[in-house]
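Summary of the model geometry
Here's the letter readout for the chains.
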Amino acid sequence: MADVNVAPSLLDDSIRKSKILVVGAGGIGCELLKNLVLSGFNDILVIDLDTIDVSNLNRQFLFQKEHVGKSKAVIARESALGFNPNVTIVAKHDSVMNSEYNVTFFKQFTVVMNALDNRAARSHVNRMCLAANVPLIESGTAGYLGQVTAIRKGLSECYDCNPKAGQKSFPGCTIRNTPSEPIHCIVWAKHLFNQLFGEADPDEDVSPDTADPEAAGDAGSVALQNQASEAGNVTRVSTRAWAQQSEYDPSKLFGKFFCDDIKYLLSMDKLWTKRTPPTPLSWDNIPEEISDQQGGLIKDQKVWSPAECVQAMVSSIKILYQRSKELNGEESFLVWDKDDEASMDFVTACSNLRSHVFSIPKKSRFDVKAMAGNIIPAIATTNAVIAGLIVFEAFKILEGKWEECRHVYLNSKPNALNKVIAPSSLDSANPKCYVCSPHPEVTVLLNVSQMTVQSFEDKVLRGALHMISPDVMVDDGKGTVLISSEEGETTENMSKSLSDFNISDGTRLRCEDFHQEYDLNITIIDREHLEENREFTVIADPSQLQPKAAVESSGPQPSTSSSKPAPSTRATESVEIDEDLDVIFQKGTANDDHQQEPSIRKRSISGQADIGSASKKLRLSENDIIEL
Amino acid sequence: MVAKEEVTISEAEAALYDRQIRLWGLEAQKRLRAARVLLIGLGGLGAEIAKNLTLSGIKSLTLLDHSIAVANSANFLIPLENVGKNVVEASLERVQRLNPMVDILTDTENVTAKNEDFFSGFDVVCATRLPVEESIRINAICRKHSIPFYSGDVFGFGGFFFVDLLEHEYSEEVNVPAATLKDGCTAKKNDPSETKTVKHTLNYIPLQAAFEADPSSQLNKRSWQRIKSHFITMKSLLMFRSQMKRDPEAANRQSDIAKLCEIRDHILHEMKLDNQMVDSGIFETVFGELSPAAAVVGGVLAQEIIKAVSHKDAPIRNHFFFNGATDFSGVVEAIGF
């Protein structure tokens with residue numbers, strides 16, 4: 001244990017009396033727990049929903065091989081107690097987003113420290129800490145880079161004050177009809193997995209998209225389309241049902257996806273006037289390529305030949321089909337998991353076969369895993385540094401020295417000021433933040449006749465706006481309840497469209513998340529079509545300071561995958577990271593960075609006025625930024 | 001010098017090191033796999049370096065320290081029941097458990113008894129808690145055998161380290177403009193920017209030269225201002241250690257602070273900087289070895305060792321300073337050039 005009697009007793013005392021919540025027991029969490037115990041903190045609660053995987057062991061040093069499969073929070077606690085058995089550590093193998101962890105729960109802590117890897121949880125904890133008025137230290141790492149910052153209601157910007165760059169996603173026609181890059185094929189293969197074995201999502205269709213605007217007006221394809229629907233064939237049967245008819249016969253699956261569907265696409269000849277057309281594959285004639293790849297690679301880094309892809313496809317389908325047969329009842333679907341061998345083999349094989357068909361460079365299983373699984377490379381040292389910096393911020397908070405708190409960046413090389421660890425002053429809150437401002441407001445563009453209440457709740461409120469138990473009332477003078485967080489109260493509303501409730505252009509909705517103590521007014525704008533086939537777009541009020549990284553993001557469309565954080569009771573289940581559908585922050589009419597309204601000029605905590613967007617951009621460009 | 005034997009990575013290693021191979025590449029991992037590192041001094045900083053290097057997958061880590069484990073130490077590798085044993089023996093089990101694939105060796109002898117032959121068997125030498133004269137001696141030996149050398153310390157809320165990589169060749173990835181959009185693609189293109197590998201060479205100086213340097217006249221005004229406090233504090237602490245044969249301790253807090261001020265004034269006088277103010281409040285914060293300070297300095301230092309061994313990415317040259325009580329910054333400066 002550290003000799004903490006090295007600073008004036010005030011800090012010592014505050015440390016001893018404090019109660020700390022650590023959210024996450026992974027890369028940052030393990031290092032943080034160690035630092036906290038050694039620094040004299042003796043009342044800690046650590047929560048993590050995940051279990052230990054072998055790939056964690058290169059950095060999550062509280063875990064060893066024998067712990068693989070066990071709860072991270074539980075084992076982290078056990079190992080940390082080895083540094084000082086007299087410390088009180090409570091471990092929760094659970095999701096911090098569960099209703100049990102309400103505002104009262106959060107209020108018991110002196111400081112909350114996030115050690116998370118996804119935006120939904122960060123956003124949620126942010127709101128809970130704002131509601132409970134508890135200081136929050138936020139952090140993140142990616143590769144060699146990391147950041148730490150302090151969040152306090154009324155004193156600093158919150159996690160949601162600044163727009164985050166959106167998750168990369170692709171239009172449906174690119175995935176289904178005209179892929180041009182490996183990632184398009186990988187996304188398609190993941191969708192195929194879900195269509196065959198997982199929870200089928202209508203946004204994840206894998207068959208040719210006849211509604212592709214690029215293909216429109218082509219007499220040939222229209223004729224074929226008419227033919228197809230007249231024959232009343234696959235278009236009416238779900239992919240899964242169709243596969244079950246043949247008991248997942250690999251040759252039949254192969255024939256449809258890599259031959260028949262490809263021929264169909266070829267008939268949509270408008271698509272191929274400027275593109276390399278795809279070449280259908282034949283089950284009886286799979287090319288056997290001789291690879292001239294370098295030796296000395298990891299097995300997974302060798303790119304499979306089409307024949308090897310077919311082999312892997314066949315064997316993985318067999319395993320996955322068997323697995324899905326063994327499930328019964330409600331859970332009759334598999335969840336794709338990058339760490340599951342068969343799931344990974346399936347996606348690698350199918351995406352590479354599709355790449356072959358479309359003359360796109362193939363990728364090794366190693367690379368496919370990174371792209372399909374959104375893997376962020378991670379090492380011990382970055383997490384160690386960041387966890388150390390978190391504790392330093394905590395010291396300042398405990399001493400009441402909020403003015404010394406900083407947003408700290410860990411750079412991969414010295415910045416313009418020769419700093420690899422570079423602090424910058426905290427920004428004050430965005431007065432128009434859609435979470436922490438006095439009257440949060442957003443605008444959502446969508447098609448009121450097509451968007452169902454269920455979709456609105458799942459994709460907009462929960463997915464994009466990170467609410468967890470919303471109550472929604474239509475501001476129509478009658479107090480019409482659209483969505484109730486009470487079970488069963490509004491079930492009959494779910495399948496109806498918004499327009500069924502007379503929601504139209506300009507209608508306002510009053511949304512409340514009782515759990516997060518968060519009220520949000522939403523103005524609906526009715527749009528028949530949005531850019532790139534998006535289902536919705538969220539617009540916050542123009543923010544004064546647009547970070548360099550702010551990018552237009554999308555509403556739900558075929559994206560890489562969806563995630564619902566839930567406690568992991570199965571060893572193989574894992575939360576996908578950073579996949580949240582994001583909010584678009586668009587400037588209003590004034591499209592000028594340098595225009596400033598004096599009333600909303602931000603002031604930094606130290607009292608020096610920022611020069612607005614220009615200075616923030618400069619500050620950001622001095623340091624390596626990762627999006628938390 | 002990295003061993004020349006051909007090293008392959010097993011499937012088990014590939015699974016364990018997956019997340020880091022994805023960052024620094026298989027080649028770097030292979031070079032780590034061949035590296036034999038000597039770590040002198042296993043206090044709080046040493047424990048962090050030992051943890052980080054063991055996790056990274058080096059070939060062997062030799063822990064050298066003759067001192068006895070005490071309670072309330074910042075070395076988290078020592079179970080309470082091992083207090084009273086030699087520090088490296090007390091830490092061995094926990095270090096080894098971090099990564100069974102790394103050879104962990106212990107040596108309880110006093111480093112001052114080690115001669116040239118001893119050091120020549122390592123690919124990297126990292127010293128902590130040493131009097132600067134001893135560091136200088138070891139650095140000179142390392143230089144003779146072309147061995148990269150580090151020496152670092154944590155005092156209270158902050159710390160620093162020095163690095164000498166002699167003549168160091170490294171490669172780094174540099175971005176080149178991405179390919180143009182393909183025809184007919186309506187989607188927003190995910191242009192992967194291409195990178196190319198560029199090689200550089202950096203020259204370093206011995207510790208003796210760096211320690212005897214006067215950066216106030218060598219650096220430009222802005223750089224000197226930025227590191228002045230760090231540099232003077234470092235020198236004061238190292239000279240305190242040499243003179244008093246111990247580090248500042250809480251039991252002698254007031255007199256040690258006075259002694260540090262005296263040493264600092266002497267240093268400033270020697271540099272003809274008597275009229276330059278250096279905040280004495282900083283000496284309030286140099287007692288003990290705070291865990292978060294060890295974590296920060298140990299993390300940066302260990303990553304530098306990984307860079308040096310892998311010859312990948314630009315290493316720090318030649319000093320790093322961190323202070324968690326004053327400017328909360330980790331600053332790099334080339335001193336003695």
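Residues numbered from 1 in each chain as written. Chains lettered and ligands numbered in written order. Predicted model: local features only at pLDDT ≥ 70, side-chain atom pairs only at ≥ 80, totals over all residues. Heavy atoms only, no water.

Right, let's get into the overall build of chain A. Scanning chain A from terminus to terminus reveals 16 helices and 14 strands. Sequence separation of 24 or more characterises 69% of the internal contacts of chain A that already satisfy a separation of 6 or more. Surface exposure of chain A reaches about 25200 Å², of which carbon and sulfur atoms provide 48%. (Helix = DSSP H or I, 4+ residues; strand = E, 2+ residues; numbered from the N terminus. Contact = heavy atoms within 4.5 Å. Areas by Shrake-Rupley, 256 points an atom, 1.4 Å probe, with all protein chains shown as cover.)

We now examine the overall build of chain B. A tally of helices and strands in chain B yields 11 helices and 10 strands. Against the compact-globule benchmark of 20 Å for 337 residues, chain B has a radius of gyration of 22 Å, which places it among compact chains. Considered along the principal axes of its C-alpha atoms, chain B spans approximately 75 × 50 × 40 Å. Burial status across chain B gives 59% buried among its 337 residues. For chain B, contacts bridging at least 24 residues in sequence account for 67% of all contacts bridging at least 6. Split by element, the accessible area of chain B, about 13300 Å² in all, is 50% carbon and sulfur. Distance from the positive charge centre (37 side chains) to the negative charge centre (44 side chains) of chain B: 3 Å. (Rg over C-alpha atoms; globule rule 2.2 N^0.38 Å. Buried < 20%, exposed > 50% of the residue type's maximum accessible area, 1.4 Å probe, protein only. Lys, Arg positive; Asp, Glu negative; His and termini not counted. Charge placed at Lys NZ, Arg CZ, Asp CG, Glu CD.)

Right, let's get into helix α10 (residues 253-270) of chain B. Residue and element names in this part refer to chain B. A rise of 1.5 Å per residue sets the reference length of α10, with its 18 residues, at 26 Å; its end C-alpha atoms lie 26 Å apart and thus fit the reference within 8%. Looking at α10, one finds that the buried residues are R253, D256, I257, K259, L260, C261, I263, R264, I267 and L268. Packing partners of the buried residues in α10 comprise α9 (221-244). At the C-terminal side of α10, K272 shows a positive phi close to 60°. (Expected span 1.5 Å × (residues − 1).)

Residues and elements named next belong to chain A. Strand direction decides the pairing type here: strand β9 (residues 441-446) and strand β13 (residues 518-526), joined by 6 bridges, are parallel. For L446, the partnering residue across the bridge sits in β13 and is D526. Pairing of strand β12 (residues 508-513) with β13, which is carried by 6 bridges, proceeds in the antiparallel orientation. Each bridged residue has a counterpart across the sheet, and for C511 the counterpart in β13 is L520. Two successive antiparallel strands, β12 and β13, enclose a turn made up of 4 residues, where E517 displays a positive phi of approximately 50°. (Pairing = 2+ DSSP bridges.)

Our next topic: unusual backbone geometry. Residue and element names in this part refer to chain B. With an omega of -15°, the peptide bond between R317 and N318 qualifies as cis. Position of N318 among the secondary structure elements: in the loop between α11 (291-310) and β9 (319-323). Despite not being glycine, N72 shows a phi value in the positive range, around 60°. Turning to its location among the elements, N72 is positioned in the loop between β2 (60-64) and α4 (87-98). In this structure, L166 takes a positive phi of about 55° despite not being glycine. Residue classification places L166 among the buried residues on the basis of a relative accessible area of 15%.

So, on to the sheet that holds β12 of chain A. All names here are of chain A. One open sheet accounts for 6 strands, arranged β11-β10-β12-β13-β9-β14; its pairing is mixed. Looking along the sheet, the strands with just one partner apiece sit at the ends: β11 (481-483) and β14 (536-540). The mean inter-strand angle of the sheet, taken between neighbouring strand axes irrespective of direction, is 30°. Contacts between helix α15 (residues 453-464) and the sheet are confined to β9, β10 (470-474), β11, β12, β13 and β14, with β11 contributing the most and set at about 65° to the helix. (Axes fitted to C-alpha atoms, helices over the stretch in contact; angles between N-to-C directions.)

In many reports, interface size means the accessible area that the parts give up when they come together. Counting from both sides, the interface comprises 66 residues of chain B and, opposite them, 74 residues of chain A. Interface area, chain B with chain A, both sides summed: about 6100 Å², of which 60% is carbon and sulfur. Our enumeration of links across chain B and chain A arrives at 3 salt bridges. Joining chain B to chain A, the criterion identifies 15 residue pairs in polar contact (both at pLDDT 80 or more). Of all the elements in the fold, those that place two or more residues in the side of chain B that touches chain A are α1 (11-16), α2 (18-33), α3 (44-56), α4, α9, α11, β9 and β10 (329-333) of chain B. Looking at the side of chain B that touches chain A, its residues break down into 29 nonpolar, 14 polar and 23 charged. Summarising the sheet, strand β8 (residues 419-425) of chain A and β10 of chain B pair through 2 bridges and their orientation is antiparallel. Along β10 of chain B, the bridge assignment pairs I421 of chain A with G330 of chain B. (Buried area = accessible area lost by both parts, 1.4 Å probe. Salt bridge = Lys/Arg side-chain N within 4 Å of Asp/Glu carboxyl O. Polar contact = N/O pair within 3.5 Å; in protein donor to acceptor, adjacent residues only side chain to side chain. Nonpolar A, V, L, I, M, F, W, Y, C, P; charged D, E, K, R; others polar.)

The next point concerns the UniProt feature "active site" (unreviewed entry) in chain A. All names here are of chain A. Per the UniProt record, the feature "active site" (unreviewed entry) sits at C173. Here C173 shows up in helix α6 (residues 172-176). Taking the relative accessible area as the measure of exposure, C173 reaches 7% and is therefore buried. (UniProt positions renumbered as here; feature names shortened; annotations may be inferred.)

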